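Fold and contact review
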Amino acid sequence: MFVLEQVFKDKKAVHSDAFNLRIHRGLSWFKKATQLDDDLDLKFITLWISFHALYAQELEHLQNQQHLSQFLQTMLQHDVDHKIEIILLERSSQPIYRLLNSSYSMQSYWDYQNQAISLEAYKAQRGHEKKKVTEAIENKHTEDILLILFSRLCTLNDQFMQGGCSYKSALNREQLQDACLVLSALLPALIYILLENADALDNGKPYYPVAQVS
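Described in the following lines is the structure provided in the data block. Just so it is clear, the structure is predicted and the values come from calculations on it, not from any experiment.

Remarks on unusual backbone geometry
The backbone phi angle of His82 is positive, close to 60°, even though this residue is not glycine. Within the secondary structure layout, His82 lies in the loop between helix H4 (61-77) and helix H5 (83-91).

Structure follows, in structure tokens:
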């Protein structure tokens, strides 16, 4: 954390105010998340806010999904040190594998639970997704792993933001612990990549800039 804050401080003068605001917000929430190891629910929410601070735009849901995919792909393209790849394939491979193969974090599982799709359709989608995960891991397709992973994390986040789980519920502990481990590993890498490539990755003014309300 200290290293990231120092890099940010050293480079702040050459970056745009909008870029600095995004990084400052992301770092502030990430720093708080490191203090919440005894509360996985709040830790996950805080980590997700930190992630959103780095890239989010005010877009429709479908556009948000596309923007998220583009952001992650761009991060990979500028990750010259392969920090993300090392996290996905080595450092955090076990919690990532569990998340990728957990029905609890698959949107199709909840679509079935809510009778939006049939049991047969859910089983077919689950089989397809598991095959895709297996192929991505076996072939070390970092981009596929990252995109599938964040689709799982989005599902977990939607559960929280839509009141779909109880505080400190016993039903989602394993998935939540894995999600916190993964985000805690990925966020510093993403922030570092942004700081090293500010000219190419400056997303412009956040939708909620600093504003004085009179």
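Observations concerning the packing of aromatic side chains
For the structure on display, the rule yields twelve aromatic pairs. Taking 6.2 Å as the distance between ring centres and 25° as the angle between the ring planes, the aromatic pair formed by Phe44 and Trp48 counts as stacked. Within this pair, Phe44 and its partner Trp48 are both found in helix H3 (residues 40-55), separated by four residues, close to a single helical turn. The exposure classification of Phe44 matches that of Trp48, with both residues buried. Centroid distance Tyr109 to Trp110: 4.9 Å. Interplanar angle 80°. Geometry classified as edge-to-face. With relative accessibility at 23%, the residue Tyr109 sits in the partly exposed group. Joined through ring pairs, the aromatic side chains of Phe44, Trp48, Phe51, Tyr55, Phe71, Phe150 and Phe160 make up one cluster. Just above the ring of Tyr192 sits the side chain of Lys83; from NZ or CZ to the centre is 4.6 Å.

Considering the side chain of Ser50
Its place among the elements puts Ser50 in helix H3. Among all residues touching Ser50, those that are not within four sequence positions of it are Gly26, Trp29, Phe30 and Leu187.

So, the pattern of salt bridges
Per the counting criterion, the structure on display carries seven salt bridges. The salt bridge involving Asp178 is made with Arg98; its shortest N-O contact spans 2.8 Å. Of this pair, Asp178 sits in helix H10 (residues 173-196) while Arg98 sits in helix H6 (residues 93-100), placing them 80 residues apart in sequence. Given the relative accessible area of 35%, Arg98 is considered partly exposed.

Digging into the layout of surface pockets
In this approach the atoms are scanned with a rolling probe the size of a water molecule, which exposes any empty space left behind. The space that makes up the largest pocket amounts to roughly 990 Å³. Taken together, 35 residues make up the lining of the largest pocket; nearest its centre are Trp48, His52, Tyr55, Cys154 and Asn157. Taken together, the elements giving at least two residues each to the lining of the largest pocket come down to helix H2 (17-33), H3, H4, helix H8 (119-138) and helix H9 (142-161). At nine residues, the largest contribution of residues to the lining of the largest pocket is made by H9. Taken together, the residues of the lining of the largest pocket sort by class into 16 nonpolar, twelve polar and seven charged.

The rules behind the values
- Residues numbered from 1 in each chain as written.
- Predicted model: local features only at pLDDT ≥ 70, side-chain atom pairs only at ≥ 80, totals over all residues.
- Heavy atoms only, no water.
- Helix = DSSP H or I, 4+ residues; strand = E, 2+ residues; numbered from the N terminus.
- Phe/Tyr/Trp six-rings, centres within 6.5 Å; stacked < 30°, edge-to-face > 60°.
- Buried < 20%, exposed > 50% of the residue type's maximum accessible area, 1.4 Å probe, protein only.
- Lys NZ or Arg CZ within 6 Å of the ring centre and 35° of its normal.
- Contact = heavy atoms within 4.5 Å.
- Salt bridge = Lys/Arg side-chain N within 4 Å of Asp/Glu carboxyl O.
- 1 Å grid on protein atoms, 1.4 Å probe; cavity = no way out; pocket = protein on both sides within 12 Å on 5 of 7 lines; lining within 4 Å.
- Points joined across faces, edges and corners; volume = space filled by probe spheres on them.
- Nonpolar A, V, L, I, M, F, W, Y, C, P; charged D, E, K, R; others polar.

Scope: geometric values only; no functional claims are made or implied.
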